[in-house]
Amino acid sequence: MYEKQVAVIGTGFIGPVHVEAVRRLGITVKGVLGSSPEKSNAAAKAMNLEVGYASLADILDDKDIGAVHVASPNKFHFDQVRRSMEAGKHVMCEKPLTTNSRESAELTALAEKYDVVTGVNYNIRYYPLNLEARNRISSAGDIHEISGGYVQDWLLYKDDFNWRVLSGMGGPLRVVGDIGTHWLDLVTFVTGKTVASVMADLYTIHPVRSRPAGPAETFSSDDKNAAEEVEVDTEDGGNILLRFTDGSRGSLRVSQVAAGRKNRLYYELCGAEESLAWDQENPNTLWVGRRGEMNGELIKNPALQSDAANAFTGYPGGHAEGFPDSHKQCFRAFYNAVTGRKSPVSHPSFFEGHKEMLLCEAILKSSDSNSWVDIDYE
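Residues numbered from 1 in each chain as written. Predicted model: local features only at pLDDT ≥ 70, side-chain atom pairs only at ≥ 80, totals over all residues. Heavy atoms only, no water.

A. Spatial organisation of the layout of surface pockets. What the second largest pocket holds in volume is close to 270 Å³. As for the second largest pocket, its lining consists of 18 residues, and the residues nearest its centre are Arg125, Thr188, Phe189, Glu352 and Lys355. At the level of elements, α8 (175–191) and α11 (350–369) are the ones that each hand at least two residues to the lining of the second largest pocket. It is α11 that contributes the most residues to the lining of the second largest pocket, four residues altogether. Tallied by class, residues from the lining of the second largest pocket come to six nonpolar, five polar and seven charged. (1 Å grid on protein atoms, 1.4 Å probe; cavity = no way out; pocket = protein on both sides within 12 Å on 5 of 7 lines; lining within 4 Å. Points joined across faces, edges and corners; volume = space filled by probe spheres on them. Helix = DSSP H or I, 4+ residues; strand = E, 2+ residues; numbered from the N terminus. Nonpolar A, V, L, I, M, F, W, Y, C, P; charged D, E, K, R; others polar.)

Shown next, in the form of structure tokens:
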């Protein structure tokens, strides 16, 4: 595997997920960078890492570090990714790649300029049964309809607060940018389709939220102790109609105010011969629907899967694989590229991250104008 060491930027919910996943590949994570030297040191101690970095410059000056994982709030991605590439570090960035398409286009161009490998963490591709669904698309026949959603409830209440609700931190789209991009990336990856145009209806349940006195972590249920009322300029949910370049149709529902739904991404692909359905909260089952015979379920099992799916399956049949494993497998594909190893499925590129930003901006424009908006990927 990779002989150099790795640094992770971000100490909130997702940063430690990167640390754990990289370590499980047998790659050394040397240190972590938080929003302050104190947070860096505390996180390094908690995860038994060698270094709590005081600044990005300290990471970039560290000759032991060959790759940087950027898992900080969205508004910092552009500068941290750009500087890391300029320093000759390989970069794996959390989604969304940036907060706007101008920045994502620039990073995509820079990724071609510098001799480094870059990627975006669309980990959900790497659940084994999503790779298997991708392999089964040809047997399903022409896919004419794609439906599904990504719904959560962690921002259901007025006093639920996180940096993502503020456009200055996360960008103008919150739910679409945070979880909607995961669904859009996944279904286009599985089906091989490209979204041509969108019609979106976005909504905000809580135009004012209570900001707590202390930091509010993602998915945290700590006491809020609100200190002030803050106007919210990002969406709590939305419904999006999709038209694909081949004429097929789709629909997406996104929400972070769906009571009882903790982290449910689901899709159904309707083809000429069969339908395929998958749910992230039950990730080891792929439903197969047919008209002229019994419906069925494929339970994750390397003995029944394709070679491409098995390349990113860690355990035998009967042994469940989930959220942490999907990150490990996404990073496996990334480090295969870093080390020049062949991989049956390539890792998500900066260009794919840029396409998601163009989609986000079209969705926002559509909702604001109450009209269909075409997407130009040039």
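Further notes follow.
B. Seen up close, the sheet that holds strand β7 (residues 143–151). A sheet is described by the order of its strands in space; here nine strands give the open sequence β16-β15-β14-β13-β7-β12-β11-β8-β17, paired in mixed fashion. At either end of the open sheet lies a strand with only one pairing partner, and these are β16 (296–299) and β17 (373–374). Direction of pairing for strand β15 (residues 285–289) relative to β16: antiparallel, over a ladder of four bridges. Directly across from Leu286, in β16, lies its bridge partner Leu298. Contacts from α8 reach β7, β8 (195–203), β11 (237–244), β12 (249–255), β13 (264–271) and β14 (275–279), with the element oriented near 30° to β13. (Pairing = 2+ DSSP bridges. Contact = heavy atoms within 4.5 Å. Axes fitted to C-alpha atoms, helices over the stretch in contact; angles between N-to-C directions.)

C. Seen up close, the packing of aromatic side chains. The final tally for this structure, using the stated rule, is six aromatic pairs. Centre to centre, the rings of Phe334 and Tyr335 are 4.9 Å apart; their planes meet at 80°, and the pair counts as edge-to-face. Residues Phe334 and Tyr335 agree in their burial class; the two are buried. Here the aromatic residues Tyr2, Phe334 and Tyr335 are joined through ring pairs into a cluster of three or more. We note Arg243 situated over the ring of Trp372; from NZ or CZ to the ring centre the distance is 3.8 Å. (Phe/Tyr/Trp six-rings, centres within 6.5 Å; stacked < 30°, edge-to-face > 60°. Buried < 20%, exposed > 50% of the residue type's maximum accessible area, 1.4 Å probe, protein only. Lys NZ or Arg CZ within 6 Å of the ring centre and 35° of its normal.)

D. Seen up close, the environment of Ala54. Note on placement: Ala54 falls in the loop between β3 (51–53) and α3 (56–61). By relative accessible area, Ala54 is classed as partly exposed at 47%. C-alpha separation for the pair Ala54 and Val32, spaced 22 residues apart in sequence, amounts to 9.1 Å. Leave out the neighbours within four places in its chain, and Ala54 touches Leu33 and Pro37.

E. Structural view of empty space enclosed by the protein. Evaluated as defined, the whole model comprises one cavity of 30 Å³ or more. Within this model, the largest cavity holds a volume of roughly 40 Å³. The residue inventory of the lining of the largest cavity, partitioned by class, reads two nonpolar, two polar and four charged.

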